[in-house]
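# Secondary and tertiary structure notes
So you can see what is in the structure, the chains are spelled out below.
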Amino acid sequence: MTAIYLDENLYLAYRAVQVFFIENDALPNIRTLARIMEITPDESRSHLNTLREKGVITINSQKGFMWRRNRPIIYKK
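Report follows, based on the coordinates. Computed from a predicted structure; not experimentally measured.

### Section: the nonpolar core
- Formed by 15 residues in total, the largest nonpolar core has its most connected members in Leu 6, Tyr 14, Val 56, Ile 57 and Trp 67.
- When contributions to this core are tallied by element, the ones reaching two or more residues are strand S1 (3-6), helix H1 (8-24), helix H3 (41-53) and strand S3 (64-67).
- Of all the elements, H1 adds the most residues to this core, at four residues.
- Look past the residues within four positions of Ile 57 in its chain and what remains in contact with it is Leu 27, Leu 48, Leu 51, Arg 52, Phe 65, Met 66, Trp 67 and Arg 68.

This is the structure:
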């Protein structure tokens with residue numbers, strides 16, 4: 001299992017996704033994450049794409065964003 005370090009904004013996005021998942025049993029979409037974090041949809045899209053590139057989440061064409069199996073351990077810088 002690997003570990004990655006995220007800057008503060010990405011770490012907050014990761015935590016927001018985690019809390020949303022716990023409460024709703026699903027990952028948020030771009031607009032929902034933007035509303036939760038009080039950021040623009042473009043910033044939200046950027047955060048979700050970065051989390052996808054780092055191997056934390058994946059995109060399923062039918063289900064949207066999903067947790068990735070064997071995702072890395074996340075630390076804040």
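### Let's talk about the packing of aromatic side chains
- Within this structure, the stated rule accounts for four aromatic pairs.
- Between Tyr 5 and Tyr 75 the ring centres are 5.3 Å apart and the planes differ by 25°, which places this aromatic pair in the stacked class. Of this pair, Tyr 5 sits in strand S1 while Tyr 75 sits in strand S4 (residues 73-76), and the two are 70 residues apart along the sequence.
- Centre to centre, the rings of Phe 21 and Trp 67 are 5.8 Å apart; their planes meet at 80°, and the pair counts as edge-to-face.

Definitions and limits used
- Residues numbered from 1 in each chain as written.
- Predicted model: local features only at pLDDT ≥ 70, side-chain atom pairs only at ≥ 80, totals over all residues.
- Heavy atoms only, no water.
- Core = buried A, V, L, I, M, F, W, Y, C linked by side-chain atoms within 4.5 Å.
- Buried < 20%, exposed > 50% of the residue type's maximum accessible area, 1.4 Å probe, protein only.
- Helix = DSSP H or I, 4+ residues; strand = E, 2+ residues; numbered from the N terminus.
- Contact = heavy atoms within 4.5 Å.
- Phe/Tyr/Trp six-rings, centres within 6.5 Å; stacked < 30°, edge-to-face > 60°.

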